[in-house]
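The lines below spell out each chain.
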Amino acid sequence: VRAARLLSALAVALIVAASAAGLFGGVYEDDESVVAMLRGYDLIALVVVAPVLGVSLLPSVRTRPRAQLLWLGMLAYIVYTYALYLFGTQYNSVLMLHVAVFTVSVYALALALAHLDVAGLARRFSDRTPVRTVSAILALLAVAIGTMWVAASIRFAATGELPEETSKLVVPFVMTRLANVLDLSLLVPAYLIAAVLLWRRKPWGYTLAMILLVAGVVHQVGYM
């Protein structure tokens, strides 16, 4: 856990540096729409992700259940978002910063989850927690996202043309394709697993659901 916290603290510093460079340094070499998207993510990382992650690591609060779930949710958000930076953009002068953020966050998340008191966190939720409602929302998200991307891929395989819904997005298809891959390989399975475990009131269900919901809220802010 100590190693996970140290890596997370390093991630905070790296995020601040990378986001500031992205916002004020003119470092991106991509299409105008992609640059606008990345700068939007940089803004959220600078004013939301880094501060929340930093506060969740403070000695006075880091052992509290809410702080732990915020910590893990922020790390999950960082891993997904910085995968977009790494694999969906042109070569740029902050590539190594993005690699560093992604790498330390992946290992921080893995170490934190491996040593997390999942059963203890689950016991902090009361019997009135609406687990069935949250489970249904997670399952609905998984089905909706999965259906959208699978249908788009099948249509493209059958016709050889970009699906109409995809071509109307403001970013190039290569970025849309990366989101497709990340969602189908990471988000959709995670939503389904969390939905099933939470429906059955398993300890991991509470933890996974909270991590995904925290990360998901930040994603929505980033989209806006």
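Residues numbered from 1 in each chain as written. Predicted model: local features only at pLDDT ≥ 70, side-chain atom pairs only at ≥ 80, totals over all residues. Heavy atoms only, no water.

1. With respect to the overall build of the protein chain
Here is the rule: The numbering of helices and of strands both runs from the N terminus, where a helix is a DSSP run of H or I of at least 4 residues and a strand a run of E of at least 2. Throughout, the radius of gyration refers to the C-alpha atoms, and the reference size of a globule is 2.2 Å times the residue count to the power 0.38. Whether a residue is buried, partly exposed or exposed follows from its accessible area with a 1.4 Å probe, protein chains only, as a fraction of its type maximum: under 20%, in between, or over 50%, in that order.
Secondary structure assignment for the protein chain yields nine helices and zero strands. Seen in sequence order, the protein chain has helices and strands lined up from the N terminus as α-α-α-α-α-α-α-α-α. The C-alpha radius of gyration of the protein chain comes to 18 Å, within 12% of the 17 Å expected for a compact globule of 224 residues. Dimensions along the principal axes, computed over C-alpha positions, put the protein chain at roughly 50 × 40 × 25 Å. Within the protein chain, the proportion of its 224 residues that are buried is 46%.

2. Observations regarding the nonpolar core
Nonpolar side chains tend toward joint burial in soluble globular proteins. Here is the rule: To form a nonpolar core, buried Ala, Val, Leu, Ile, Met, Phe, Trp, Tyr and Cys residues must be joined to one another through side-chain atoms within 4.5 Å. Pairs of residues are marked as contacts when any of their non-hydrogen atoms sit within 4.5 Å.
Counting 68 residues, the largest nonpolar core has I15, V49, L53, Y77, I78 and Y82 as the members making the most contacts within it. Where this core is concerned, the elements lending two or more residues are α1 (2-24), α2 (32-56), α3 (65-88), α4 (95-114), α5 (118-123), α6 (131-159), α8 (173-199) and α9 (203-223). The biggest single contributor to this core is α3, with 15 residues. For I15, the contacting residues outside a window of four places in its chain are A45, V49, A50, I78, Y82 and V101.

3. Some details on the environment of R124
Summarising the element assignment, R124 is placed in the loop between α5 and α6. With 63 residues separating them along the chain, R124 and V61 place their C-alpha atoms 16 Å apart.

4. Things to note about α3
Residue pairs three or four apart in sequence face the same way in an α-helix, which turns once every 3.6 residues. Applicable threshold: The span one expects for a helix is its residue count, reduced by one, times 1.5 Å.
Here α3 spans 35 Å end to end across 24 residues, near enough to the 34 Å set by a 1.5 Å rise per residue. With 20 of its 24 residues buried, α3 lies for the most part within the structure.

5. Things to note about the packing of aromatic side chains
Quick reminder of the rule: Stacked, edge-to-face and tilted are the three classes for Phe, Tyr and Trp ring pairs, Trp counted by its six-membered ring, which pair at centre distances within 6.5 Å; planes under 30 degrees apart are stacked, over 60 edge-to-face, the rest tilted.
One pass over the structure, following the stated rule, counts four aromatic pairs. Between the aromatic rings of F87 and F102, the centroid separation amounts to 6.2 Å while the plane-to-plane angle is 85°, which identifies the pairing as edge-to-face. Pair noted here: F87 is in helix α3 and F102 is in helix α4, with a separation of 15 residues, a long-range link. Aromatic ring contacts, followed pair by pair, group Y28, Y82 and Y85 into a single cluster.

6. Topic: a nonpolar patch on the surface
Here is the rule we go by: Excluding any residue in a salt bridge, patches collect residues exceeding 30% relative accessible area, merging like charges within 9 Å and nonpolar Val, Leu, Ile, Met, Phe, Trp and Tyr side chains within 5 Å. Calculation of accessible area relied on Shrake-Rupley with a 1.4 Å probe; when residues are assessed, cover is drawn exclusively from the protein chains displayed. Think of a salt bridge as a Lys or Arg side-chain nitrogen and an Asp or Glu carboxyl oxygen that are within 4 Å of each other.
Together, V217, V221 and M224 line one region of the surface with nonpolar side chains, adding up to about 330 Å² of accessible area. With respect to the helices and strands, M224 occurs in the segment after α9.

7. Considerations on the environment of A108
Structurally, the position occupied by A108 is in helix α4. In this structure A108 comes out as buried when scored by relative accessible area, which is 0%. With 43 residues separating them along the chain, A108 and A151 place their C-alpha atoms 35 Å apart. What A108 contacts, discounting residues up to four positions off in sequence, is A4, L7, S8 and L75.

8. Section: the side chain of T89
Rules: What qualifies as a polar contact is a pair of N or O atoms within 3.5 Å, subject to a donor-acceptor requirement within protein and to the restriction that residues adjacent in sequence count only when both atoms come from side chains.
Here T89 shows up in the loop between α3 and α4. Exposure remark for T89: the relative accessible area of 16% places this residue in the buried category. One polar contact links the side chain of T89 to the main-chain carbonyl oxygen of Y85, over a distance of 2.5 Å. With residues up to four places along the chain from it excluded, the contact list for T89 reads D30, L38, L84 and M175.

9. Here's the deal with unusual backbone geometry
Of note in this structure, R201 is not a glycine but carries a positive phi near 60°. For R201, the position within the fold is in the loop between α8 and α9.

10. So, the packing of α3 against α9
To keep things clear, this is the line we draw: A fitted line through C-alpha atoms represents every axis, and for helices the fit uses only the stretch in contact; the resulting angles, taken between N-to-C directions, go from 0 to 180 degrees. Roughly parallel covers angles under 35 degrees, roughly antiparallel covers those over 145, roughly perpendicular covers 65 to 115, and oblique covers all other angles. A clockwise turn of the near helix away from the far one marks a right-handed crossing, whereas an anticlockwise turn of less than a right angle marks a left-handed crossing. Three classes are used: nonpolar for Ala, Val, Leu, Ile, Met, Phe, Trp, Tyr, Cys and Pro, charged for Asp, Glu, Lys and Arg, and polar for all others, with Gly counted as polar.
Direction vectors running N to C along α3 and α9 enclose 55°, while the axes themselves pass 8 Å from each other. Accordingly, the angle class assigned to the pair α3 and α9 is oblique. Here α3 runs over α9; the crossing is right-handed. The residues of α9 that touch α3, namely those facing L69, L70, L72, G73, M74, A76, Y77, Y80 and T81, are T207, M210, I211, V214, A215, V218 and H219. Classifying every residue of the contact of α3 with α9 gives twelve nonpolar, four polar and no charged.

Functional significance is not addressed by these values, which are geometric in nature.
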